[in-house]
Amino acid sequence: SAFVSITLFEAFLVMILLYYTFSLFKRREMPKGTLIKPLVIYAIPTLLSAILYTPQYINKGMERSLFLFAYPVGGYVEMNQDFLYKMNKVLLLVGYVLMPVVIYKFYKTGEPAPLWGGWFEVGIFYSIFSLVALALFVKDRNYFYLVSFFIFVSFVFLSARRSALLALGTTLLIFFFLIRKHLPLRYITAISLLLLLVGGFSSYLLVKKDERFGTLYQIIIRQKPINDETLNKISSLRWKNLKAGAQVIKKDISQGNYLRLLIGHGVNPGYHLEPKSPIGGAYESVMFLSEFIQSGALGLIGILLLYVKYYTFVLRFPLDKENVLFAPFLLTLSILFVGAIFTGFWDALLPLYLIWFKMTEEHRA
């Protein structure tokens, strides 16, 4: 349901959370897991600041805090090899089924998009599908999956989201690091070379067609200087947003707004703070600034601790050919976390990705 309709997914998520909460009370248990503490540290200020400062967005505040506690539900999923194989196959199929939709919307509107969402969802979804195809290839050595991997990667490039490209590249490096003892070097070398070829060709097209990439190239070859105008073009106004956000924090410090510095200004603060965000509700620039404004120092500490806990677990995960099908569910959070550095921490499907991670965590335990 998550890839078909976000409304349907959220309705399903609410039912799961209600049932899980009732079950916890009945058994007098507390939720458990590697990521519970950082999620709590992030969720509390996010909800509190929404209640206190942006009550008009209380529904979003609840989504971005309470929905995170779907994470422990993954511990109730039995992850045997047959189930894993079927889940990966289903995700591979979803990747192919969504292709005509993405292409059609790109042809009609100039913006690639799946059934819901837009550019960013294409980048994230097809990064996930790429991991699925690669894991299936390592498992079965079927070249159909390797071809599928490169097809899916090309859709990530089609999204033209730099955050998605950075996230997929970083996550693939982690995947190869984890599987290095179990995947022949010739395969890693061949895949890496083909990725460089696809990346090089795609980058050439992006430089020609996308003003952001074109401006960056002109700066590299010294045709244009580095100034506010070019930085804003390259960053899609993130540079302007960064400076506006820095002014908000400076004002909070000078005025002694210590509670706001601690728990943040609530959801979509860019609509009511001064200076306002140039691009909407969030001061989207780098996560450390935008999340500090929204969820305060506590929220940012929660996120940083979440990253440390997650990557510590991932880099110690004993990935091999036998359990490689866990990789997409283990590493999807990495795609989101790396991409979030230049976008924002919250994603509509973050609860699903947390459930997936918990499934792998239970296997490791």
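First things first, this report covers the structure right here in the doc. (Residues numbered from 1 in each chain as written. Predicted model: local features only at pLDDT ≥ 70, side-chain atom pairs only at ≥ 80, totals over all residues. Heavy atoms only, no water.)

1. Quick notes on the overall build of the protein chain
Going by this rule: Helix numbering and strand numbering both begin at the N terminus, where a helix is a DSSP run of H or I of at least 4 residues and a strand a DSSP run of E of at least 2. C-alpha atoms define the radius of gyration, and 2.2 Å times the number of residues to the power 0.38 defines the globule rule. Here the open area of atoms and residues is found with the Shrake-Rupley method and a 1.4 Å probe, where only the protein chains shown may cover a residue. Asp and Glu are treated as the negative residues and Lys and Arg as the positive ones, with His and the ends of the chain left uncounted. Every charge is mapped to an atom, namely NZ of Lys, CZ of Arg, CG of Asp or CD of Glu.
Each helix and strand counted, the protein chain has 15 helices and zero strands in total. Taking 2.2 N^0.38 as the reference for a compact globule, 365 residues should give roughly 21 Å; the C-alpha atoms of the protein chain span a radius of gyration of 21 Å, in line with that estimate. With respect to the principal axes defined by its C-alpha atoms, the protein chain has extents near 65 × 60 × 40 Å. Total accessible area on the protein chain stands at roughly 17,400 Å², and carbon and sulfur atoms take up 67% of it. Side chains of the protein chain carry 36 positive and 21 negative charges; the gap between the two charge centres is 4 Å.

2. A closer look at a nonpolar patch on the surface
Going by this rule: What makes a patch is a set of residues exposed beyond 30% relative accessible area and free of salt bridges, joined within 9 Å when like-charged and within 5 Å when nonpolar (Val, Leu, Ile, Met, Phe, Trp, Tyr). Between Lys or Arg on one side and Asp or Glu on the other, a salt bridge is scored when a side-chain nitrogen of the former is within 4 Å of a carboxyl oxygen of the latter.
A cluster of nonpolar side chains, namely V40, I44, L48, I51, L52, I58, M62, L66, L259, L262, L298 and I301, defines an oily patch on the protein surface of about 960 Å² accessible area. Only α2 (36–53), α3 (58–66), α12 (258–263) and α13 (287–315) provide two or more residues apiece to the nonpolar patch. Along the polypeptide, L298 turns up in helix α13.

3. Things to note about the side chain of S148
Applied cut-off: Burial here depends on accessible area, computed with a 1.4 Å probe over protein chains only, as a share of the maximum for the residue type. Under 20% is buried, over 50% is exposed, and the range in between is partly exposed.
Relative to the helices and strands, S148 resides in helix α6 (residues 143–159). On the basis of relative accessibility, which here comes to 0%, the residue S148 falls in the buried class.

4. Points about the pattern of salt bridges
If you walk through the whole model with that rule in mind, you get six salt bridges. K276 is the partner of E274 in a salt bridge, and the nearest nitrogen-oxygen pair spans 2.7 Å. Using a relative accessible area of 44% as the deciding quantity, one classes E274 as partly exposed. Notably, a salt bridge pairs E362 with K358, separated by 3.0 Å at the nearest N-O pair.

5. Notes on the packing of aromatic side chains
Worth spelling out the cut-off: Only rings of Phe, Tyr and Trp enter the pairing, Trp through its six-membered ring, and a pair is recorded when the two centres are within 6.5 Å. The plane angle decides the type: under 30 degrees is stacked, over 60 is edge-to-face, the rest tilted.
Tallying each qualifying case throughout the model produces 26 aromatic pairs. Look at F3 and F129: their rings are 5.6 Å apart centre to centre, the planes differ by 45°, and that puts the pair in the tilted class. Within this pair, whereas F3 is found in the segment before α1 (6–27), its partner F129 is found in helix α5 (residues 119–140), the two being separated by 126 residues in sequence. Take F3 and F129: they sit in the same class, and that class is buried. Measuring from centroid to centroid gives 5.1 Å for F313 and F357, while their planes differ by 75°, and the two rings are edge-to-face. Of the two residues, F313 sits in helix α13 while F357 sits in helix α15 (residues 350–364), which places them 44 residues apart along the sequence. Across the pair, exposure class does not vary: F313 and F357 are buried alike. Ring-pair connections join several aromatic residues into one group, and the members of that group are Y42, Y307, Y310, Y311, F313, F317, F326, F337, F345 and F357.

6. Brief notes about the environment of D320
Definition in use: What makes two residues a contact is simply this: any of their non-hydrogen atoms within 4.5 Å.
With respect to the element layout, D320 can be found in the loop between α13 and α14 (327–340). A residue is classified by how much of its surface remains accessible, and D320, at 22% relative accessible area, is partly exposed. Taking the C-alpha atoms as reference, D320 lies 16 Å from M79; in sequence the two are 241 residues apart. If near-sequence neighbours (up to four positions away) are discounted, D320 is found in contact with I179 and H182.

7. Here we look at the nonpolar core
Let me state the cut-off plainly: Note on terminology: a nonpolar core comprises buried Ala, Val, Leu, Ile, Met, Phe, Trp, Tyr and Cys residues joined through side-chain atoms within 4.5 Å.
Residues F125, Y126, F149, F175, Y353 and W356 are the most contacted members of the largest nonpolar core, which totals 94 residues. The element contributing the most residues to this core is α5, with 14 residues. The contact partners of W356, leaving out residues within four places of it in the chain, are F3, M87, L91, I128, F329 and T332. Counting residues in each nonpolar core, the second largest holds 10 residues, with V248, L261, I293 and L300 among its members.

8. Quick look at the packing of α6 against helix α7 (residues 162–179)
Definition in use: All axes are obtained by fitting lines to C-alpha atoms, using only the stretch in contact for helices, and the reported angles, taken between N-to-C directions, cover 0 to 180 degrees. Asp, Glu, Lys and Arg are counted as charged, while Ala, Val, Leu, Ile, Met, Phe, Trp, Tyr, Cys and Pro are counted as nonpolar; the rest, among them Gly, fall into the polar class.
It is at 9 Å that the axes of α6 and α7 come closest, and there the two elements cross at 145°. Taking contact as the criterion, the partners of F149, V153, V156, F157 and S159 in α6 are, on α7, A164, L165, L168 and L172. Per-class residue counts for the contact of α6 with α7 are eight nonpolar, one polar and no charged.

9. A word on unusual backbone geometry
Between E274 and the following residue, P275, the backbone shows a cis peptide bond with an omega angle of -5°. Mapped onto the elements, P275 comes out in the loop between α12 and α13. A positive phi angle, near 55°, is found at R141, a position not held by glycine. In this fold, R141 is placed in the loop between α5 and α6. Residue classification places R141 among the partly exposed residues on the basis of a relative accessible area of 23%. If you check the backbone angles, N268 has positive phi at about 50° while not being a glycine. Tracing the chain through its elements places N268 in the loop between α12 and α13.

10. Overview of α2
Note the cut-off: To estimate how far a helix should reach, multiply one less than its number of residues by 1.5 Å.
With 18 residues, α2 extends 26 Å from end C-alpha to end C-alpha; this agrees with the ideal 26 Å at 1.5 Å per step. Regarding α2, the residues found buried are I36, P38, L39, Y42, A43, P45, T46, S49 and A50.

Nothing here speaks to function; it is all geometry.
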